[in-house]
Each structure stands twice: as C-alpha cells, then as structure tokens.
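Inside the fold
As a plain string of letters, each chain reads:
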Amino acid sequence: MPVLEMKVSGMTCDHCVRSVTKAIQARDPHARVKVDLAEGLVSAETALDRAGAVRAIEEAGYKVLPCARD
Ligand SMILES: [Cu+2]
C-alpha cells in the first residue's frame, strides 16, 4: 500500500498520537500509522487517498499542513 506522509500540527502527547491513529484506522482498519511527535509527522500506510486521510485527521481535531513534497 502507498505511504502517505502528512505534516500535522496540534499533536502534543501520546493521546494525540492515538487519536490520529484511530481516526485513520476508523476509515481503514488495516492502515499502519506511524507518528513522529517531535516532527509532527504522520506516516500512514493506507488504502485511503490523501484527501480521505486528511479529512480523518482534521475531524479528529488536528490541522494538516501543506506539504512541500506534494
Ligand atoms: Cu495529546
């Protein structure tokens, strides 16, 4: 599966990491999500497209920043 990388602001602790992970896995139960809290970077190996993953994260209350790599 493709890996999406997203820069996310507003994540401050392990609870945020779990919230973002669960938000993505609610839409794709097989998604593998890695969060680098220090960098605010979310890597998701998922069948979701970028728009779907971004929506999931934003509905969980976090902001996805525009990424230079897009
Ligand atoms: Cu938190």
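Definitions and cut-offs
Numbers given for residues are sequential positions, taken from 1 along each chain in its written order. Only residues with pLDDT of 70 or above have their local features reported here, since the model is predicted, and side-chain atom pairs are shown and tallied only from 80 upward, although totals for entire chains, interfaces and linings are computed over all residues. Labels follow the DSSP assignment, with helices taken as runs of H or I lasting at least four residues and strands as runs of E lasting at least two, numbered in each case from the N terminus. As a reference, a globule follows 2.2 Å times the number of residues to the power 0.38, and the radius of gyration itself is taken over C-alpha atoms. For every residue, the other C-beta atoms within 10 Å of its own C-beta are counted; 20 or more classify it as buried, 12 or fewer as exposed, and values in between as partly exposed. C-beta atoms are placed from the backbone. With C-beta atoms placed from the backbone, a contact is any residue pair whose C-beta atoms sit within 7 Å. Note on definitions: angles span 0 to 180 degrees between N-to-C directions of axes, and those axes are lines fitted to C-alpha atoms, for helices only across the stretch in contact. Throughout this description, any angle smaller than 35 degrees is read as roughly parallel, any larger than 145 degrees as roughly antiparallel, any in the 65 to 115 degree range as roughly perpendicular, and the remainder as oblique. Two helices that cross are described as forming a left-handed crossing if the nearer one is turned anticlockwise from the farther one by less than a right angle, and a right-handed crossing if clockwise.

1. So, the overall build of the chain
Within the chain, the regular secondary structure consists of 2 helices and 4 strands. The order of helices and strands in the chain, counted from the N terminus, is β-α-β-β-α-β. For 70 residues, the compact-globule formula gives about 11 Å, and the C-alpha radius of gyration of the chain, at 11 Å, lands near that figure. Dimensions of the chain, computed from C-alpha atoms along their principal axes, come out at roughly 25 × 25 × 20 Å. With 70 residues in all, the chain has 24% of them scored as buried. Here the contacts in the chain between residues at least 6 apart in sequence split such that 62% fall between residues at least 24 apart.

2. Describing the packing of helix H1 (residues 14–27) against helix H2 (residues 50–59)
Look at H1 against H2: their axes get within 8 Å of each other, and the N-to-C directions meet at 130°. Comparing the axis directions of H1 and H2 gives the class oblique. The interaxial crossing formed by H1 with H2 has right-handed handedness. Where H1 approaches H2, its residues Val20, Ala23, Ile24, Ala26 and Arg27 are matched on the opposing element by Gly52, Ala53, Ala56, Ile57 and Glu59.

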